[in-house]
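One-letter residues, chain by chain:
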Amino acid sequence: MKKIMVIGASGQIGTELVVTLRQQFGAQNVIASDVKDTVKDALKDGPYEQLDVMDNDSLRAIVKKHGVTEMYLLAALLSATAEKHPDFAWKLNMEGLFNVLNLAKDKLIDKIFWPSSIAVFGSNTPKDNTPQYTIMEPSTVYGISKLAGERWCEYYAKQYNIDVRSIRYPGLISYTSLPGGGTTDYAVDIFYSANRGDNYTCFLSEKTALPMMYMEDAIRATISLMESPIDNIKIRSSYNLGGISFTPEEIYAEIKKSRPDFKIEYNPDFRQKIADSWPSSINDQHAQNDWGWSGKYDLEKLCKIMLANVLDDGIEVK
Ligand code: SER
């Protein structure tokens, strides 16, 4: 019997992931968990556990209590916040991962999903159509923690025969739950300004191309990776996932088609340096070949959905 636990369930990915997993596997079979003690409305239809993933004893107790078989570990500090709190970011991002990897090593759970990121790449990486295997010299605390995490995932998979699976997410765009502390967050924020009728001040320059993805594609990719037969999973570090690539100028132009009065200005801050060190576009041939990945959303479709759903008061939907 599959029992799934999602750690970081109140976050941008976690919220939509729990909702989708509960639709597919039954609300009672998906335990949502987050460090927050208030439960979001979207998560109220099934079990919820308040947990700090660094508290290993409580983690183990909850896993045993529910008979958890699969873990999605999403609790982490993102790139911009991690630069402000490097020690804590390293501690949370690494300790959380070790606690969960060791659950599988000790045979308490069977399978793990852990997210990596385009942040594992650095300025010496080929920027366009970045291959799966290439130079990786991340310059952010977040990127360093994700690259180290990838190496540990592969190590555990090979040394201890652990079934751990991972995706290098691009920037994720969604309206049900807000992102927090990422360099790619401008591509969500911009829709709130557009719908409020405000001007938008972008913290990246107009020509900064980054790989992005609409959340529904990301959730489909994640569950599809996890549900693929084990023999299809050839990469145990983390799979590149491409999505769509665009610049602030391009997303602005697309939004302007339906919000003709919308204005943008550019005022790059410390996040520009982070963005400049990341790829512009990603090659995800391995994900396509190994587990049949293909995305559904282009920039036009994504903008239509976001503009139709982002509330003008900036409050999260659901
Ligand atoms: N979206 C993330 C960030 O900007 C990248 O993984 O930090």
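The structure reproduced in this document is the subject of the present report. Given the structure is predicted, the values throughout are model-derived calculations rather than measurements. (Residues numbered from 1 in each chain as written. Predicted model: local features only at pLDDT ≥ 70, side-chain atom pairs only at ≥ 80, totals over all residues. Heavy atoms only, no water.)

Some thoughts on helix 8 (residues 248-258)
Stage number 1. Of the positions making up helix 8, those classed as buried are Pro248, Ile251, Tyr252, Glu254 and Ile255. Taken end-on, helix 8 shows its buried residues confined to a sector of 165°, consistent with a single buried face.
Stage number 2. The inward-facing, buried residues of helix 8 contact helix 6 (186-196), strand 8 (200-202), strand 11 (244-246), strand 12 (264-266) and helix 11 (299-309). (Buried < 20%, exposed > 50% of the residue type's maximum accessible area, 1.4 Å probe, protein only. Helix = DSSP H or I, 4+ residues; strand = E, 2+ residues; numbered from the N terminus. Arc of directions from axis to C-beta. Contact = heavy atoms within 4.5 Å.)

Some details on the site of the ligand
Stage number 1. Neighbouring the ligand are Leu78, Ser79, Ser117, Tyr142, Gly182, Thr183, Thr184 and Trp278.
Stage number 2. Contact between the ligand and serine 79: an oxygen atom at 2.6 Å from a side-chain N or O atom of the residue.
Stage number 3. At 3.1 Å from an oxygen atom of the ligand is found a side-chain nitrogen or oxygen belonging to tyrosine 142.
Stage number 4. When isolated, the ligand has an accessible area of 240 Å², and the protein chains bury 93% of it. (Near = heavy atom within 4 Å. Polar contact = N/O pair within 3.5 Å; in protein donor to acceptor, adjacent residues only side chain to side chain. Areas by Shrake-Rupley, 256 points an atom, 1.4 Å probe, with all protein chains shown as cover.)

Examining the packing of helix 6 against helix 8
Any two packed helices are characterised by how steeply their axes cross, that is the angle between the axes, and by the distance between the axes.
Stage number 1. The N-to-C vectors of helix 6 and helix 8 enclose an angle of 30°; their axes lie 11 Å apart at closest approach. When the interaxial angle is binned, helix 6 and helix 8 end up roughly parallel. For helix 6 against helix 8, the interelement crossing comes out right-handed. Residue-level contacts link Tyr186, Ala187, Ile190, Phe191 and Ala194 of helix 6 to Pro248, Ile251, Tyr252 and Ile255 of helix 8.
Stage number 2. Looking at the contact of helix 6 with helix 8, its residues break down into nine nonpolar, no polar and no charged. (Axes fitted to C-alpha atoms, helices over the stretch in contact; angles between N-to-C directions. Parallel < 35°, antiparallel > 145°, perpendicular 65-115°, else oblique. Left-handed = near helix turned anticlockwise from the far one by under 90°. Nonpolar A, V, L, I, M, F, W, Y, C, P; charged D, E, K, R; others polar.)

Quick word on the packing of aromatic side chains
Stage number 1. Following the criterion strictly, the structure yields 12 aromatic pairs and no others.
Stage number 2. Plain terms: the ring middles of tryptophan 152 and tyrosine 156 are 6.3 Å apart, the flat faces sit at 65° to each other, and that makes the pair edge-to-face. Of this pair, tryptophan 152 and tyrosine 156 are both found in helix 5 (residues 141-160), four residues apart, which corresponds to roughly one turn of the helix.
Stage number 3. Tryptophan 152 sits in the partly exposed class, given a relative accessible area of 34%.
Stage number 4. Using a relative accessible area of 5% as the deciding quantity, one classes tyrosine 156 as buried.
Stage number 5. Judged by centre distance (4.9 Å) and plane angle (70°), the ring pair of tyrosine 156 and tyrosine 160 falls under edge-to-face. A residue pair is termed a helical-turn pair when its members lie 3 or 4 positions apart in one helix, as tyrosine 156 and tyrosine 160 do in helix 5 at four residues.
Stage number 6. Aromatic ring contacts, followed pair by pair, group Phe98, Trp152, Tyr155, Tyr156 and Tyr160 into a single cluster.
Stage number 7. Looking at lysine 105, its charged tip hangs above the ring of tyrosine 160, at a distance of 4.6 Å from the centre.
Stage number 8. Against the face of phenylalanine 203 rests arginine 271, its NZ or CZ located 3.5 Å from the ring centre. (Phe/Tyr/Trp six-rings, centres within 6.5 Å; stacked < 30°, edge-to-face > 60°. Lys NZ or Arg CZ within 6 Å of the ring centre and 35° of its normal.)

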